[in-house]
Amino acid sequence: MGTLDFNIAHMLAGALMLASMTMLYQKRLFALINIYALQAVILALSVAWQAVLQHAAQLYITALIAFLFKALVIPYALHRIIVRLRIHREIETVIGTGPAMLAGMALTGLAMAVMLRATANVDLLAREDLAFALAVLLLGLMMMVTRRNAVSQIVGFLSLENGLILAAAGTQGMPFVVEISIAFSILVAFVVIGVFLFRIRERFDTVDLRALDAFRGERRLAEAFPATTACNEGDEMP
Amino acid sequence: MTFDAVSLVLIIPLAAAAVLAALPGYKTSSRFNILASFLTLAGAVDLVAHRPPLGSYFLVDDMNIVFIALNTFVGFTTSVFSASYIAHEIRTGRLTPGLLRFYHVFYQIMMFGMNLALVTNNIGLMWVAVELATLSTVLMVGIYRTPEAIEAAWKYFILGSVGIAFALFGTTLIYAAAQPVVGAGMNGMTWTTLLAHSSAFDPAIMNIAFIFLLMGYGTKAGLFPLHAWLPDAHAEGPTPVSAVLSGLLLNVALYAILRFKILFAANAHVIPPGPLMMVVGLATAVFASFMLYPRHDIKRMFAYSSIEHMGIITFAFGLGGAIANFAGLLQMVMHSLTKSAIFFSVGHISQAKGTQRMADIRGLTESYPLLGWGLVLGVVAIVGMPPLGVFMSEFLTISSAFARAPWLALPLVVALLAAFGAIMRHTHGMAFGAAQGEIRPSEASFIPVFIHLGIVFAAGVFIPAAVVVWFQHVAKMLG
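Residues numbered from 1 in each chain as written. Chains lettered and ligands numbered in written order. Predicted model: local features only at pLDDT ≥ 70, side-chain atom pairs only at ≥ 80, totals over all residues.

Q: Is there a simple way to explain the overall build of chain A in this structure?
A: Counting secondary structure elements, chain A contains 9 helices and 0 strands. The order of α-helices and β-strands along chain A, N terminus first, is α-α-α-α-α-α-α-α-α. Residues classed as buried in chain A amount to 48% of the 238 residues present. Of the contacts made within chain A by residues no fewer than 6 positions apart, 69% connect residues no fewer than 24 positions apart. (Helix = DSSP H or I, 4+ residues; strand = E, 2+ residues; numbered from the N terminus. Buried ≥ 20, exposed ≤ 12 C-beta atoms within 10 Å, placed from the backbone. Contact = placed C-beta atoms within 7 Å.)

Below, the structure is given as structure tokens:
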């Protein structure tokens, strides 16, 4: 494998991680989804490049799925949901840009330190991909735990899945069964989430999970509903 | 040929799901659900009798046949319980016929997912199957559509997807470790091939892979610290779902961990997986046993008890060796049977009383003698009183822990005693004393409850020699 080949793969994997970092500090939902779509495009390119390098035709299909489904269908659907739920003007501030970046860098450093050390004997390309994939996975997880809004949590989950696909594609000749199933499980996951969102919308009038948190444990309905209405006052639409 | 023998336990649930999707009328479909579950059980019995040869996709050995038999058996008894449970839900209007159709379809899809996870010889396919089973239970947990149910399902889903991610990353790492040795392609995912070459895999990758796999599948098994979904999912979903979650899905996740444990134990250079499992298991058991005290909701309490038992079982398997593995296996079987029997009783009790609050449930043995005593017997079994099955397995675990790691045995004993106290205290209030509240007629089906408890009692007194030999063999496989 030539140096250029490797560098392109490296650059794409790095870009994927960069997109994850950028997502950490997005306050507006539309911006977040756009970056997610961008990340999915990068993923598609990255997987396609792996297909070229590994002469693995089945990876083109994975790339195509990533592009069509994750870069087009899901962002479109999320846009629709956001508009329908009337939360497009909502601004989330959970942690500031500075701390988010620092935490993100720390996680990336951790991923690199762990994976590069552990995979000393694996071929170089897979090694880089696994390290970046772990970084994307951890960043996605961080996003899921720091965000309150259900849509941003979904996006965190989806970006985390992008990292998993990068890892699977970068590992030479991983059976196709698995990749199809990944795509499939994302589809299922998405349907599930969609269903949930609409039900949450029906019941709570907001997708802010703080409203859900109020129901934690064994408290009763009456106690929890005032919290829901309080959350709601801010975003009355004309 | 291989495919034909295994296919029964897979095709029946899948076909049943398709039929149930088309069947109108909940009465017919709940009967059909029972029939399908019974046929699956028959398929599993056939599998025990005629074990198929090893294939690259399916693997049936002494170890997973225990799980398959247990899975299909409890699946069948739960479907019997489910029929009488949902009839009541329809009458009270908590569920609509449309939702029930959905419920039955996903019940069978879940059974399919669990059976597939158990019979497959491919770690990728196993991952897919566990995910399928998890997602179908997520949908079933949210079925009541109350805010609590939706929150429970959402929490389950979010934590479940963290588990999904970890487990898949761990699986990818295993493949990455195997690929230089066994070559690219299907071989790197076939469990038997992996086991044969495990000693040559790169230990550094394997170490990291095990952490991800333990965390990932551990989330599904309800292991600390990613157990938070479990009490909510048990409390807010329909009770038959609580029964299969506790009785079956946790076992399937544990089965995945055990398969990987065998794989790792075969490589002398990796950090042994046992101690890690012991620590996680012990932390889970201690944590859950103290969380049992402040509970108000009956299903939530028994959910914490499930977490506690999963901790003990994981500890036993982590400890390893012939006796502890035997104990872990026995405890797993006993816990499944007992806990699902308890949930059957609890389901009927909460329907009869119209509440899950323990403070509002009083004097059951007086108002509903059969239900009340069913619950008491189940509780006596689950806390590990002699001469029942759970006592035997817990005794073996503790004695083997005292022999080999006395300092770890101590917190385990504390956890067991704490759990004993908490569950007894709560149950005493519910079962005895003067009856409270209105006494509505209950059309409970007692057969599943007492079949399960009967087996548990019998196992405490006498286990057939053939079963002992069988379990001992599995214990040896587990190392």
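Q: Just to check I follow, could you spell out the overall build of chain B for this structure?
A: Across its full length, chain B carries 19 helices and 0 strands. Here the C-alpha radius of gyration of chain B, 21 Å, is about what a compact globule of 479 residues would show, namely 23 Å. With the C-alpha coordinates of chain B rotated into their principal frame, the extents come out at 70 × 55 × 45 Å. Among the 479 residues that make up chain B, the fraction classed as buried is 63%. (Rg over C-alpha atoms; globule rule 2.2 N^0.38 Å.)

Q: Help me understand the interface of chain B and chain A in this model?
A: By a frequent convention, interface size equals the accessible area lost on bringing the separate parts together. The partner chain A presents 38 residues to the 38 residues of chain B that form the contact. Each residue belonging to the side of chain B that touches chain A can be placed in one class, and the counts come to 23 nonpolar, 8 polar and 7 charged. (Nonpolar A, V, L, I, M, F, W, Y, C, P; charged D, E, K, R; others polar.)

Q: Sorry if this is basic, but what is going on with the packing of helix H2 (residues 26–49) of chain B against helix H3 (residues 62–92) of chain B here?
A: Two quantities define a packed helix pair, namely the angle between the axes and the distance from one axis to the other. Residues and elements named next belong to chain B. Where H2 contacts H3, the two axes come as close as 9 Å, and the packing angle between them is 170°. For the element pair H2 / H3, the angle class is roughly antiparallel. For the contact of H2 with H3, the class distribution of residues is 16 nonpolar, 8 polar and 1 charged. (Axes fitted to C-alpha atoms, helices over the stretch in contact; angles between N-to-C directions. Parallel < 35°, antiparallel > 145°, perpendicular 65-115°, else oblique.)

Q: Is there a simple way to think about helix H12 (residues 298–319) of chain B in this case?
A: In an α-helix there are 3.6 residues to a turn, and that puts residues three or four apart on one side. Residue and element names in this part refer to chain B. Compared with the 32 Å implied by 1.5 Å per residue over 22 residues, the 32 Å span of H12 between its first and last C-alpha is a close match. By the criterion of burial, H12 is predominantly enclosed, with 22 of the 22 residues buried. Within two residues after H12, Gly320 carries a phi angle of roughly 70°, on the positive side. (Expected span 1.5 Å × (residues − 1).)

Q: I tried to follow the packing of helix H1 (residues 3–24) of chain A against helix H6 (residues 150–170) of chain A on my own but got confused; where do I start?
A: Residues and elements named next belong to chain A. Close contact between H1 and H6 brings their axes to 11 Å; oriented N to C, the two are set at 165°. With respect to H6, the element H1 is oriented roughly antiparallel. Read as a crossing pair, H1 and H6 show a hand that is left-handed. Where H1 abuts H6, its residues Ala13, Leu16, Ser20 and Met23 lie against Ser159, Asn162 and Leu166. (Left-handed = near helix turned anticlockwise from the far one by under 90°.)

Q: What exactly am I supposed to notice about the confidence of the model for chain A here?
A: For residues with low pLDDT, the predicted coordinates do not support detailed interpretation. Residue and element names in this part refer to chain A. Considering every residue of chain A, the mean pLDDT works out to 74; 70% of them sit at 70 or more. Residue range residues 201–206 is modelled with pLDDT below 50. Its contacts to residues more than four positions away, or to other chains, number 12 contacts. Considering only residues more than four positions removed or in separate chains, one finds that residues 215–238, a stretch of pLDDT under 50, has 27 contacts. (pLDDT = per-residue confidence, 0-100.)

Q: Whenever I open this one, the confidence of the model for chain B confuses me. Can you help?
A: The predicted model of chain B has a mean per-residue pLDDT of 86, with 97% of residues at 70 or higher. We note a pTM of 0.87 for the whole complex and an ipTM of 0.81 for its interfaces.

Q: How should the environment of Tyr60 of chain A be read in this particular structure?
A: Along the chain, the position of Tyr60 of chain A falls in helix H3 (residues 58–85). In contact with Tyr60 of chain A, other than residues within four places in its own chain, are Ala48 and Ala51 of chain A.

Q: It is not clear to me how unusual backbone geometry should be interpreted in this structure. Could you clarify?
A: Trans is the prevailing form of peptide bonds, just as negative phi is the prevailing case for residues other than glycine. Here Phe224 of chain B and Pro225 of chain B are connected by a cis peptide whose omega angle stands at 5°. Mapped onto the elements of the fold, Pro225 of chain B is located in the loop between helix H8 (203–220) and helix H9 (229–236).

Q: Even after reading the chapter, I still don't get the environment of Ser152 of chain A, so can you show me in this structure?
A: All names here are of chain A. Relative to the helices and strands, Ser152 is located in helix H6. A tally of 25 C-beta atoms within 10 Å means that Ser152 is categorised as buried. In this structure, the C-alpha to C-alpha distance between Ser152 and Ala44, residues 108 residues apart in sequence, is 22 Å.

Q: What am I meant to see in helix H13 (residues 321–353) of chain B here?
A: Residue and element names in this part refer to chain B. When the terminal C-alpha atoms of H13 are compared, their 46 Å separation across 33 residues agrees well with the 48 Å that a helix rising 1.5 Å per residue should span. Along H13, 29 of the 33 residues are buried, which leaves the element largely enclosed by surrounding structure. Positive phi shows up at Gly354, right after H13, with a value of about 70°.

Q: Would you mind showing me how to read the environment of Ala418 of chain B here?
A: All names here are of chain B. Tracing the chain through its elements places Ala418 in helix H17 (residues 406–431). Given 19 C-beta atoms within 10 Å, Ala418 falls into the partly exposed group. On a C-alpha basis, the gap between Ala418 and Val286 in space is 8.5 Å, while along the polypeptide they are 132 residues apart. Apart from the residues lying within four places of it in its own chain, the contact partners of Ala418 are Ser289 and Phe290.

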